[in-house]
There are 2 protein chains.
Amino acid sequence: MISQTEENYLKAIFKLSEKTDGSVSTNAIANEMKTAAASVTDMVKRLAKNKFINYQRYKGVTLSEKGDAIARKLIRKHRLWEVFLYDKLNFTWDEVHDMAEQLEHIQSDELVNRMDKYLNFPKFDPHGDPIPDKDGKFASRKQIPMSEYPLGQVGIIVGVREHSKPFLQYLEQLNLVLGTKFCVLESFEYDGSLKIKIGNTKVETITQKVANNLFVIEE
Amino acid sequence: MISQTEENYLKAIFKLSEKTDGSVSTNAIANEMKTAAASVTDMVKRLAKNKFINYQRYKGVTLSEKGDAIARKLIRKHRLWEVFLYDKLNFTWDEVHDMAEQLEHIQSDELVNRMDKYLNFPKFDPHGDPIPDKDGKFASRKQIPMSEYPLGQVGIIVGVREHSKPFLQYLEQLNLVLGTKFCVLESFEYDGSLKIKIGNTKVETITQKVANNLFVIEE
DNA sequence: ATAAATTTTTAGATTAATCTAAAAATTTAT
DNA sequence: ATAAATTTTTAGATTAATCTAAAAATTTAT
């Protein structure tokens, strides 16, 4: 049986692999996991012995097929639980992460699949991140940052790039939640800020940073 | 932060305290937890140091107020999760225990309370066991074993004394689930077995052992 | 009431997960 | 291409949770 700590390492390695294709350094893992590099070296040896990852001294690690499947399942569980907490228990999108972080370690395939069905097989979580299906496949969609969205055309907010609490709480407060329709009224060359219409009435100005961290699609 | 293992010890001590009022021996705990007695002695020292229990060498342990509250909260969480799995995800009553055993360790007061509300503040779990409220209080009801229920009178099955999978599966198969109405038609002095009507049509004979492990109330 | 039986604790080890400090290997800069 | 800087690993410790075997304390039986 794999431990929760081991699972968290696999998840971290998966996350880092996405950005930096090729192998992941022990230091990068240490940074992601907030542990000492020496601890990572130890753990990485154990994970390699159990065939969850491929590891060569001084060369970093890559996930094995087995490790990759586990990481994807963890993400699937995490995001499905987030949908549950958001849709059924009415938590806000900035509250669900910490609980899902615990719930993702619950071991029961049947539970995950029933939850999936109970929630109507959602494809995206409350932050707009794709939920892997039973086989670990992620749905994709042609989303772009709001900062690149054409002026005067209605679009829908479908995701966030940044997941920090302050950012999510800021969005909530402005009503820039998932599913919200918007229209970019004006773009200020000077600082990249945007004047946007939110829903049918509200008009707000947001900074380029915010616009960059919001993913949108056409209406 | 208390570990899952520590929580499991507190739960075991709580369970044993219920039966044998007075202090609980380390051996009894070892037996309940399926660990070596020496391991229990070590753990019990740690729990005492953290004020979860009262412990004197060779004299057994009792829960402190703090430990008692944690144990009750664990039972509350366990049973609420069982209701969720049973009511919302349609698991059977013999399937829910193992998952609830994991879910009871999820740390979030808000989650438990929202779940409680979501499930409509249930007072009993799918096995008929009472669910402690926010303050740790158990509901009670004047239930008796079916073996003591008067002949010819309709009653309702509300709980089980034994929780083993084989027993629960046997009951399921006979349709002796919670909420089922029954009537004892005949009682055989010889071996204590009962002929009962289940629902409106089915008639079955059950052994004294079965009748003893079913809790019932008047219709 | 004391010896025998039983229970409980202590002593000494082990494994998972972590750390700091030092050593070794690799990468970068001149 | 070699020295300096950086990254990674090794060595040696620590804590939680577990174990077996032996010692100590308590309980039971005569």
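Residues numbered from 1 in each chain as written. Chains lettered and ligands numbered in written order. Predicted model: local features only at pLDDT ≥ 70, side-chain atom pairs only at ≥ 80, totals over all residues. Heavy atoms only, no water.

A short note on the domain arrangement of chain A
Convention followed: Where each domain starts and ends follows an automatic or database-derived domain assignment.
Looking at the assigned domains, one finds that chain A contains domain 1 (4-63) and domain 2 (144-218). The centre of domain 1 of chain A, based on its C-alpha atoms, is set 36 Å off from the matching centre of domain 2 of chain A.

A few points about the sheet that holds strand β3 (residues 144-145) of chain B
Consider a sheet: its strands pair through backbone hydrogen bonds, and that pairing is either parallel or antiparallel. Residues and elements named next belong to chain B. Note the cut-off: A strand pair is defined by DSSP finding two or more bridges across the two strands. Numbering goes from the N terminus for both helices and strands, where a helix is a DSSP run of H or I of at least four residues and a strand is a run of E of at least two. Any pair of residues with heavy atoms lying within 4.5 Å of one another is described as a contacting pair. Axis lines are fitted through C-alpha atoms, for helices just across the contact stretch, and the angle between N-to-C directions can take any value from 0 to 180 degrees.
The strand order across the open sheet formed by six strands is β3-β8-β4-β5-β6-β7, and the pairing between neighbours is antiparallel. Edge strands, defined here as strands with exactly one partner in the open sheet, are β3 and β7 (202-206). Helix α7 (residues 165-174) contacts β4 (154-160), β6 (194-198), β7 and β8 (214-218) of the sheet and is inclined by roughly 155 degrees relative to β7.

As for the relation of the copies chain B and chain A
Note the threshold: All copies are superposed by least squares; the fitting set is the C-alpha atoms of residues with a pLDDT of at least 70 in both.
For the match of chain B to chain A, the screw axis carries a shift of 0.0 Å, the RMSD comes to 0.1 Å, and the turn is 180 degrees. Between the two chains, the operation in question is that of a two-fold axis. Closest approach to the rotation axis among the C-alpha atoms of chain B is made by B:Leu103, whose C-alpha sits 3.8 Å away. Mapped onto chain A, 100% of the interface residues of chain B are again interface residues, and the two copies thus contact each other with one and the same surface.

Things to note about the pattern of salt bridges
Residue and element names in this part refer to chain B. Our working rule: What counts as a salt bridge is simple: a side-chain nitrogen of Lys or Arg found within 4 Å of a carboxyl oxygen of Asp or Glu. Note on exposure labels: buried denotes an accessible area under 20% of the residue type's maximum, exposed denotes more than 50%, and partly exposed covers the range between, all computed with a 1.4 Å probe on protein chains only.
Scanning all chains against the criterion turns up 22 salt bridges over all chains. A salt bridge links arginine 72 to aspartate 68; the shortest N-O distance between them is 2.7 Å. Of this pair, arginine 72 and aspartate 68 are both found in helix α4 (residues 65-88), four residues apart, which corresponds to roughly one turn of the helix. Taking the relative accessible area as the measure of exposure, arginine 72 reaches 24% and is therefore partly exposed. Residue aspartate 68 is classed as partly exposed on the basis of its relative accessible area of 23%. Among the ionic pairs, aspartate 125 bridges to arginine 79, the shortest N-O distance being 3.7 Å. With aspartate 125 in the loop between α6 (109-118) and β3 and arginine 79 in helix α4, this pair connects stretches of sequence that are 46 residues apart. Take aspartate 125: its relative accessible area is 4%, and that puts it in the buried class. Taking the relative accessible area as the measure of exposure, arginine 79 reaches 18% and is therefore buried.

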